[in-house]
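Letter by letter, the chains look like this.
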Amino acid sequence: MAQQDITQQRYTDGKPNLRRFHQARWDEPINFELSREGQRGVLVPEVEEEIKDQVGDVLATLPLTVRRKAPPRLPELSQPQVLRHYLRLSQENLGADLNIEIGQGTCTMKYSPKINDQLAGHPKLAELHPLQDEDTAQGILEMMYRFEGMLKEISGMDRFSLQPAAGSAAIYTNASIIRAYHKSRGEADQRDEIITTIFSHPSNAACARTAGFKVITLYPGQDGYPDLEALKAAVSERTAGLLITNPEDTGIFNPRIEAFVEVVHEAGGLCVYDQANANGILGITRARDTGFDLCHFNLHKSFSSPHGCGGPGGGACGASEALAKFLPVPLVAYDGEKYYLDYDRPDSIGKVRPFYGDAPVVLRAYAWVMSLGAEGLREVAEIAVLNNNYLLNRMLEIPGLSAPYAEGKRRIEQVRYSWETLTEETGVHSEELGIRAADFGVHYWTSHHPFVVPEPCTLEPTESLSKDELDEYVAIVSHVTGEARTDPELVKTAPHNSTIHTIDHSPLDDRSQWAMTWRAYRRKAGGA
Amino acid sequence: MSQGKATVYPYIPNSAPEVKRQMLEAVGAESTEDLFEDVPEKLRLKGRMTLPEPLLSEYALKRHVEGLLDKNQTAGEYLSFLGAGCYQHHVPAVCDEVNRRGEFLTAYAGEPYDDHGRFQALFEYASMMGELLNMDVVNVPTYDGFQAAATSLRMATRITGRHQVLIARTISADKLSKIRDYCKPSIEANLVDYDPETGQMGLDALKAKTSEGTAAVYFENPSYLGFIETRGDEIAAIAHDHGAICVVDADPISLGVLTPPADYGADIVCGDIQALGMHMQYGGGHAGYIATRDEEKYVMEYPSRLFGIAPTSIRGEYGFGDVAYERTSFAVREEGVEWVGTAAALWGITAGVYLALMGPQGMEDIGKGIMARSHYAMMEIDKIRGVKVPAFQAPHFKEFVVNFDGTGKPVADINQTLMARGIFGGVDLSKELPELGESALYCVTEVHTKEDMNRLANALAEAVG
């Protein structure tokens, strides 16, 4: 047998080649299957005998209606088994700490500094109760106050609330403020329409609808940019506001954004800037300077807090001076001596989340800004945009790929590409390319729905990836598209190196088969 | 910062000047300025933002942040009896070990082929919550218990096609504020009075308010004020008699000993999972659950992601995916149910670790232990002259209201005295619920020892004496 030769897989001459990646595959059972009667994972503190003697059988004080009859059928596992189980599951993930995480465009999967994680877990924060006397929480309140100051400078806005739990919660909060504003002017019933664009995040449309508005969605104009004429045709005395991303999810910056704001203002509406895509414009351009009334930042995107498998995150809502009175209560304030929570805000929309915001996320974001300063933030934006345009150039060398809209122009933070030509030529779809890319250890995402861009994929390299890593990603995608041309079945039958094999999705949309819990699965599948 | 020499930022690989130069050349740009060609000159920020000078070394940053944190005195350093929605329970070490793993901490939206482990961990979380709640469907966590309650009520309005919800008046002012904001503009949220002796929802008041327009009847169990609502079955029956949905908000850590609300008639159960393995983090440990029966009319009204188990091309292999994805805003924007986005998945995984560690025996032990301790605390505090505890004659779980009217001292003063003795007294309710007079909401959990409670009772006796 010939000696195996992996020279071609090595990282030679500074030129990345393809790794012989295989995702961890532990064939890990569902934890219920590991259960053995009587095992214990952790013991809880014993009640002292004197207490037992004094209170007697406390459960006997409960009426039978509220006294649990049978113990919950949770798995019974020892502590090392629980740890091993979850560490095996952790290995079966491609987190941003592991892979060249540029495949989740619009989500700003940047590096989350480890020092900030360490500080976020500090007992001086972990063990802090939100209703402690303010005198005992001066450190965290000062940090929140200082961080608000940073966001004010970055956006030009006048006040911020750190309360909303994440980006979409912040969009909803801003929609709620729009409602409160028009109500304060007696126009709430009349102004029931929100305008957004198709390449703004879907939550702009969805949150506006949830807040009770009708949604008008604008499509790009002939030149590929958001269409000002379409906006002019859409506004009326019913316009409550505009919710818009810029750069949009295509990575295109709307050069007419100021005119957009003016048109909506002239119609009597408010303008809200969804700054989920702010990473590429930090220190370059500011929401308030363009005339926006409200904005929000995602602290788990641009400000480096980790994404946590889908949260916890942080959504910070900024408001102009005129609208600050509507922000959720309380705001963090400073009287010259002491930081405090200001509840005396009668026009506020009220609470949108328990307490005051996601403190560990705020800490990470604050520490991240402190590690960079004004020049550093601008460097973040410049390098993120440089990386993106470098990647754009390199990606467009791959046959079958295009970057629709505003062709030939540079992009800001991400690009929504189209494999339409490749699909026509090979029959291989973008989604299939993504699954095959996972065989090489990288994540790849298509786009939000609907797929306005045919056969989409959305890449956002952020500032956190090196040139070599960008080249490696391009090499993987290029290799996979080569396979699509020479051996499309190989791509269509992927994954081949994943934890699992091709999923049969049909039960997930069939009420007779779907199972969101193990108990439902056992019942429906007959204990399979 | 040294002048004239560009800073190389450790988090930004291509800030190294030579690499940056090569890349600019590759994209045909003279400088990074050229990359922003679509940003109108007028909108470009002139000059530099005014931000604090950076702390470029990791050590300087650590020292600065720790300096701020040092200004906090925590519930770990004081003896704390604060609760009211955020709870000091012991967090098993394995919970932190798992949620600090970079593979979980920094994963996000990978497909099942990228992130099988995330899907399985969240499926297991839902499965264990399902056992605790005796329900078949549990969502991937939403933001927090407030959001879970607000969404549950909106789900009920969509399922019934009705627009009025009834809420037990003993709800916290903050949660009610959230619900009211979230129910605008089309849903009417009305409060149902409680029995001032027992705190229990007034059944006559409920009957009088329930109508064919009622979408949901909502109550907490245990309530915000700590007492256990013992007539859940009767409340659910009244709701059902009018075709309304019964929504119960339950603290999951109580369910090793308390009846799962589904067993007394709840159709939607919701709440916050912070108690299950999350540190308090100044309110940063919250995540919300929503649970229902496995009925399509309920399933299709969840805005959250629902992870289901599915077969793969290999017999016996488990795969996972999104159930009924087409209902979500990810799939159909404003035509979806409310919205879905980044929420609190890591806390769901952590709560799963917690439940896997605790098992059935652990959940029963912790429930019993908490009840024994809170009863003991009430008995000790009750010995103090002029103090009434519990303010409501009903069984209690971990929280209870202490009324100080008979002492002539305001709660604010009493709490100041306690603080001087290293104790965080109960949450002052005197402004939030003036009808309860000078009252405070005390919380006792498994972290409190007999000595802790005796210390509290002694300090209270001194404070009111």
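Calculation notes
Position numbers for residues start from 1 in each chain and track the written sequence from start to end. Whichever chain is written first becomes A and whichever ligand is written first becomes 1, with later ones labelled in order. Local features in this predicted model are restricted to residues whose pLDDT is 70 or higher, and side-chain atom pairs enter the listing and the counts only when it is 80 or higher, whereas totals over whole chains, interfaces and linings include all residues. Neither water nor hydrogens contribute to the side-chain values; these are computed over all heavy atoms in the structure. Secondary structure counts use DSSP, requiring at least four H or I residues in a row for a helix and at least two E residues in a row for a strand, with both numbered from the N terminus. Two residues qualify as a contact provided that any one of their heavy atoms is within 4.5 Å of a heavy atom in the partner residue. The Shrake-Rupley method, run with a 1.4 Å probe sphere, supplies the accessible areas, and residue values consider only the shown protein chains as cover. Residues scored as positive are Lys and Arg, those scored as negative are Asp and Glu, and His as well as the terminal groups of each chain are ignored. All charge positions are set by atom: Lys at NZ, Arg at CZ, Asp at CG, Glu at CD. Here's how the labels work: a residue is buried when its accessible area is under 20% of the maximum for its type, exposed when over 50%, partly exposed in between, all with a 1.4 Å probe on protein chains only. Here, any two strands with at least 2 DSSP bridges between them count as paired. Think of each axis as a best-fit line through the C-alpha atoms, taken over the contacting stretch in the case of a helix, with angles from 0 to 180 degrees between the N-to-C directions. Note on ring pairs: Phe, Tyr and Trp rings are taken, using the six-membered ring of Trp, and paired if centres are within 6.5 Å. Classes follow the plane angle, with under 30 degrees stacked, over 60 edge-to-face and the rest tilted. Grouping buried Ala, Val, Leu, Ile, Met, Phe, Trp, Tyr and Cys residues that are joined through side-chain atoms within 4.5 Å yields what is termed a nonpolar core. Buried area counts how much accessible surface, traced with a 1.4 Å probe, disappears from two parts once they are put together, with both parts' losses summed. Take a side-chain nitrogen of Lys or Arg and a carboxyl oxygen of Asp or Glu: if they are within 4 Å of each other, that pair is a salt bridge. Polar contacts, as counted here, are pairs of nitrogen or oxygen atoms within 3.5 Å of one another; within protein the pair requires one atom able to donate a hydrogen and one able to accept it, and residues that are adjacent in sequence qualify only if both atoms are side-chain atoms. All the domain ranges listed were derived from an automatic or database domain assignment. Orientation categories follow fixed angle ranges, with anything under 35 degrees roughly parallel, anything over 145 roughly antiparallel, 65 to 115 roughly perpendicular, and all other angles oblique. Should the near helix be turned counterclockwise from the far one by less than a right angle, the crossing is left-handed, whereas a clockwise turn marks it as right-handed. Residue polarity follows a fixed list, in which Ala, Val, Leu, Ile, Met, Phe, Trp, Tyr, Cys and Pro are nonpolar, Asp, Glu, Lys and Arg are charged, and the others, Gly among them, are polar.

Quick look at the overall build of chain B now. Each helix and strand counted, chain B has 14 helices and 14 strands in total. C-alpha extents for chain B along the principal axes are approximately 80 × 55 × 50 Å. Nonlocal contacts in chain B, meaning residues at least 24 apart in sequence, comprise 70% of its contacts between residues at least 6 apart. For chain B, the computed accessible surface area is about 14800 Å², with 49% contributed by carbon and sulfur atoms. The averaged location of the 66 negative side-chain charges in chain B is 5 Å from the averaged location of its 41 positive side-chain charges.

Looking at the element boundaries, L98 of chain A is found in the loop between helix 2 (79-91) and helix 3 (114-120). Among the residues examined, L98 of chain A registers a relative accessible area of 55% and is labelled exposed. Sequence separation of L98 of chain A and G441 of chain A is 343 residues, and the distance between their C-alpha atoms is 8.8 Å. Those residues in contact with L98 of chain A that lie beyond four places of it in its chain are N93 of chain A together with E103 of chain B.

Hydrogen bonds between backbone atoms are what pair the strands of a sheet, whose relative direction is either parallel or antiparallel. All names here are of chain B. Ordered in space as 2-8-7-6-5-3-4, the seven strands form an open sheet in which the pairing is mixed. Edge positions in the sheet fall to strand 2 (137-138) and strand 4 (188-192), since each of these pairs with one other strand and no more. As defined by bridge partners, strand 6 (residues 245-249) adjoins strand 7 (residues 268-272) across three bridges and the pair is classed as parallel. The residue bridging V247 from the neighbouring strand is I268, located in strand 7. Here helix 6 (residues 145-160) sits on the sheet and contacts strand 3 (164-168), strand 5 (214-220), strand 6, strand 7 and strand 8 (288-292); the angle it forms with strand 7, its principal contact strand, is near 160 degrees.

This paragraph deals with the sheet that holds strand 11 (residues 399-403) of chain B. Residue and element names in this part refer to chain B. The strand order across the open sheet formed by three strands is 11-14-13, and the pairing between neighbours is antiparallel. Either end of the sheet is taken by a strand with one partner, and the two such strands are strand 11 and strand 13 (427-428). Contacting strand 13 and strand 14 (439-443), helix 13 (residues 411-420) runs over the sheet at an angle of about 40 degrees to strand 14.

Another point: the packing of aromatic side chains. Counted under the stated rule, the structure contains 25 aromatic pairs over all chains. Where Y521 of chain A meets Y318 of chain B, the ring centres are 6.4 Å apart and the plane angle is 85 degrees; that geometry is what we call edge-to-face. Taken together, the positions of Y521 of chain A in helix 15 (residues 518-524) and Y318 of chain B in strand 10 (residues 318-322) put the pair across two chains. A centroid spacing of 5.9 Å and a plane angle of 75 degrees characterise the contact between Y182 of chain B and W339 of chain B, whose relative ring orientation is edge-to-face. Placement of Y182 of chain B in helix 7 (residues 173-183) and of W339 of chain B in the loop between helix 11 (329-332) and helix 12 (345-382) is noted, with a sequence separation of 157 residues between them.

Let us look at the pairing of strand 9 (residues 339-342) of chain A. The side chains of a regular strand alternate, residue by residue, between the two faces of the sheet. Residue and element names in this part refer to chain A. Pairing between strand 8 (residues 331-334) and strand 9: four bridges, direction antiparallel. For V332, the partnering residue across the bridge sits in strand 9 and is L341. Once strand 8 ends, the chain turns through four residues before running back antiparallel as strand 9, passing G336 with a positive phi of about 100 degrees.

Here we take up the nonpolar core. F147, L231, F303, M395, Y417 and W419 of chain A together with Y282 of chain B are the most contacted members of the largest nonpolar core, which has 140 residues in total. At 22 residues, helix 10 (residues 359-395) of chain A tops the list of elements feeding residues into this core. Not counting chain neighbours up to four residues away, the residues in contact with F303 of chain A comprise F147, L151, I154, L282, F297, N298, R364, A365, W368 and V369 of chain A. The next biggest cluster of nonpolar side chains, apart from the first, holds 119 residues, and it includes V82 of chain A together with L79, A244 and F397 of chain B.

As a further point, take the interface of chain B and chain A. Residue-level contacts link 200 residues of chain B with 217 residues of chain A. Roughly 18300 Å² of surface becomes buried between chain B and chain A when both sides are summed, with 63% attributable to carbon and sulfur atoms. Sorting the residues of chain B by area buried against chain A places Y113, Y282 and R333 of chain B first, and these three jointly supply 6% of that buried surface. Inspection of the chain B/chain A interface yields 18 salt bridges. Two residues, R519 of chain A and E131 of chain B, come together in a salt bridge whose shortest N-O distance is 3.4 Å. Across the contact surface, chain B and chain A share 106 residue pairs in polar contact (both at pLDDT 80 or more).

With that settled, consider the domain arrangement of chain A. On domain assignment, one finds that chain A holds domain 1 (120-370), domain 2 (375-492) and domain 3 (502-528). Spacing between the C-alpha centres of domain 2 of chain A and domain 3 of chain A amounts to 34 Å.

The next thing to look at is the pairing of strand 7 (residues 315-319) of chain A. Residues and elements named next belong to chain A. With five of five residues buried, strand 7 lies mostly within the body of the structure. With burial as the criterion, each face of strand 7 is covered, one bearing G315, C317 and A319 and the other bearing A316 and G318. In this sheet, strand 7 lies alongside strand 1 (residues 159-161) in antiparallel orientation, the contact comprising three bridges. Residue pairing in the sheet places S161 in a bridge with C317 of strand 7. With five bridges joining them, strand 6 (residues 294-298) and strand 7 adopt antiparallel strand pairing. Residue pairing for strand 7: N298 is matched across the bridge by G315.

The subject of this paragraph is the pattern of salt bridges. Taken as a whole and assessed by the stated rule, the structure comprises 68 salt bridges over all chains. Of the charged contacts in the structure, one is a salt bridge between R353 of chain A and D144 of chain B, with a shortest N-O distance of 3.0 Å. In this pair, R353 of chain A is assigned in the loop between strand 9 and helix 10 and D144 of chain B in the loop between strand 2 and helix 6, connecting two distinct chains. For D144 of chain B, a relative accessible area of 1% corresponds to the buried category. When salt bridges that share partners are traced, they join R73, R519, R523 and K524 of chain A together with E131, D136 and D294 of chain B into one network.

Residue and element names in this part refer to chain B. Close contact between helix 13 and helix 14 (residues 450-464) brings their axes to 9 Å; oriented N to C, the two are set at 130 degrees. The angle between the axes of helix 13 and helix 14 places the two elements in the oblique class. For helix 13 against helix 14, the interelement crossing comes out right-handed. Contacts between helix 13 and helix 14 involve I414, T417 and L418 from the former and L456, A459, L460, A463 and V464 from the latter. Its residues assigned to classes, the contact of helix 13 with helix 14 comprises seven nonpolar, one polar and no charged.

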